[in-house]
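Overview (structure and organization)
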Amino acid sequence: MKKRSIALIIWLMSIALIAVMAMQYYFVRESFRQKSKIFDDAVKASLATVANKLEQQEIYDFAQEQERKNQKRFIENQKKQEQKQLNLAKQVEYQERIKKLQTELFDYEQRFNEAENDLNNRYMNIPITNEFFETYIRNRPNPQLYIWLEKIQMSDGNIRTFPRVDAVKEASVIPARDDSSRYIIPNFLGGEGQASSFRLVTLRPKTNQKIITSIIQIEKELVKINNVDLNNASSLFDSVAVLSGKKSSVVQDAAFGLELTKRPLEQRLNRQIVKQLLVDELAERGINSSFVLQVKTSKNSPLVFQEVHLINNEDFEKINNPIIYKTKLFQGDQGKSPGELGIYFPNKDSIIASNMGYWLFPTILALLGLLIGSFAYTLMIIFRQKKISEMKTDFINNMTHEFKTPVATIMIASESLRDPEISSDEKRVNKLANIIYDENVRLGSHIERVLNIARLEKENLKIERVNVHINTLANAVLESMKLQLEKAGGTLEINLDAKKDIVIGDELHLSNVMYNLVDNAIKYSKEKPEITFRTLNRGKNIVISVSDKGIGMTKDQAEKIFDQFYRIPTGNIHNVKGFGLGLSYVNDIIKRLNGRITVKSEKDKGTQFEVILPLRNS
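What you see is a predicted model, and the numbers here were worked out from it, not measured in a lab.

Take the side chain of asparagine 125 next. Structurally, asparagine 125 is set in the loop between helix 1 (3-122) and strand 1 (126-128). Within the structure, the side chain of asparagine 125 is placed 2.9 Å from the side chain of asparagine 120, a separation counted as a polar contact. Reaching out from asparagine 125, the side chain makes a polar contact with the backbone oxygen of tyrosine 123 at a distance of 3.4 Å. When residues no more than four places from it in sequence are discounted, the contact partners of asparagine 125 are Leu119, Asn120, Pro163, Tyr183, Ile184, Ile185 and Pro186.

Here we come to the sheet that holds strand 1. Reading across from one edge, 1-4-5 is the order of the 3 strands in this open sheet, with antiparallel pairing throughout. Lying at the two open borders of the sheet, with one neighbouring strand each, are strand 1 and strand 5 (197-203). Between one strand axis and the next, the sheet turns by 30 degrees as a mean value, whatever way the strands run. The pairing of strand 1 with strand 4 (residues 181-187) spans 3 bridges and is classified as antiparallel. Opposite isoleucine 126, over in strand 4, you have isoleucine 184 as the bridge partner.

So, on to the packing of helix 14 (residues 507-523) against helix 16 (residues 582-592). Where helix 14 contacts helix 16, the axes come no closer than 10 Å and their chain directions differ by 145 degrees. Handedness of the crossing formed by helix 14 with helix 16: left-handed. Contacts between helix 14 and helix 16 involve His509, Asn512, Val513, Asn516, Leu517 and Asn520 on the former and, on the latter, Gly582, Leu583, Tyr585, Val586, Ile589 and Ile590. Residues of the contact of helix 14 with helix 16, tallied by class, amount to 7 nonpolar, 5 polar and no charged.

In the structure shown here, the tally under the stated rule is 17 salt bridges. Among the ionic pairs, glutamate 221 bridges to lysine 224, the shortest N-O distance being 4.0 Å. One end of the pair is glutamate 221 and the other is lysine 224, both in helix 3 (residues 209-226) and 3 residues apart, which spans about a single turn. In this structure lysine 224 comes out as exposed when scored by relative accessible area, which is 53%. For glutamate 281, the salt bridge identified is with arginine 285, shortest N-O distance 2.8 Å. On the accessibility criterion, glutamate 281 (3% relative accessible area) is buried. Among the charged side chains, a salt-bridge network with shared partners connects Lys53, Glu281 and Arg285.

Spatially, 4 strands are ordered 7-6-9-8 in an open sheet, and the strand pairing comes out antiparallel. Across the chains shown, the open sheet's two edge strands, defined by having one partner strand only, are strand 7 (303-309) and strand 8 (325-329). When the angles between neighbouring strand axes are averaged without regard to direction, this sheet yields 15 degrees. Relative to strand 9 (residues 339-344), strand 8 runs antiparallel, the two sharing 5 bridges.

The rules we used
Residues numbered from 1 in each chain as written. Predicted model: local features only at pLDDT ≥ 70, side-chain atom pairs only at ≥ 80, totals over all residues. Heavy atoms only, no water. Helix = DSSP H or I, 4+ residues; strand = E, 2+ residues; numbered from the N terminus. Polar contact = N/O pair within 3.5 Å; in protein donor to acceptor, adjacent residues only side chain to side chain. Contact = heavy atoms within 4.5 Å. Pairing = 2+ DSSP bridges. Axes fitted to C-alpha atoms, helices over the stretch in contact; angles between N-to-C directions. Left-handed = near helix turned anticlockwise from the far one by under 90°. Nonpolar A, V, L, I, M, F, W, Y, C, P; charged D, E, K, R; others polar. Salt bridge = Lys/Arg side-chain N within 4 Å of Asp/Glu carboxyl O. Buried < 20%, exposed > 50% of the residue type's maximum accessible area, 1.4 Å probe, protein only.

Structure representation (structure tokens):
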């Protein structure tokens, strides 16, 4: 196929693909608009329903609340008188108990003051803290204290002497264990300024904490009684009922409206209830998505409150100038609506797209993918056929050259035999006859290769399944190739190390496989071939390895060598003959025998082929 034809096909297919994509884009856009309109209508209907439910619920709740208050008020009025009597009796009782406890506390403190005065009158003493006592005196057989007399000049000019105490050595402070009052009575001998000894006097605490606690507790109870709300003021509805001569449970709609409109908007709405009502109404209309609800008193006023509803804790960015759906709240109020309820969806487009995606996007992607895939596959087939066509052209040219050489040789030898002078020479005749025979064999070998490939392609190549000894077959093949190797001046190292070498296969085709691998190793060596032929066992398989130190190949070339008609470029070297069919034939035969072939190669360093075949009964 010409390049111009290929370009025309690609151009036409591209136009068709672009046209299909444009149609799909138009279809998606129109579908999106329809879905967006349906979405808008569903949200507006949900808002109107929620606003209506909020208004109805408020009236119902308010009526229920007033009914409960009226019922409680009747019961409370009956209990108030009883409670008053109980509270008065408790007040008298608590006051009597407080007076009694205060008397006990006064007597207790009086006794302490008398004991303390007696101690002060009889002895020179030093009051100490209970922490000092615990730290330096208790549990010490010989307390190390320094007690002395300190002279202090008073404000009237007289000098008075006061006893003082201190520890000789500072110790870690031990907290007090009780609230007793303790005193040190020092013993000063003669006129010494330092006491020679002391004793300890302990009095009970200055005050009775237990009595004080009881008084405080009773006073608290008394305060509670005094703070009881005994206000009997009636509600608005009680007043209206009294003035109108009706029962408090019967209130007209106008009275309800008047009372409700006085309440601030934030008190008339429970944000959680509003959000839940919106969630339920939207869900009934098939919208399950995150949203932000807002309540305002007027268009440009600050938010009364805002609530965010998240699905699966998803995170979305705050957007500027969102599309807000709004509805009036409490439109039944006298006068005008006190506020509006708004809602917006930060991810509205993705919500609509996801709703469409359940059926639309898979269909479009499948169709588009099928078109693109078909387009790509068609182009791949076109380029592959073009490449195969070029390779077949090269193959035909090469084959023509390979066939032309033996045919020309046979023609020259035949013409020589017609010469009487040459035909009379028996040696020369035999030589020419051998040349004709060898060239015929060579020509037949070429023809056989081409026929084998043709049979492989038609799947009618006959493969025998018999026991084959790989080591024996390898010896025979390598022996037949010694002359060819000697002619090339190369060396062949043979290591038939496989202990188990019997496989199920075709002896003829396996010998052709070995021949082709060794022949390639000879052809693609730079100068004198250095070839190693090995057999070894690996698990339940036998491995036939053929390695050389020839020109090697790149990774890209190694991936193509098993393709038909492919030959590795040899640059200016023209002595490498062949059709590019050998390795393709080898690969096909090995696969038919349930084996596999691998290649490892490095440019300018050599190549190693490994044929892996399963052993018999493995």
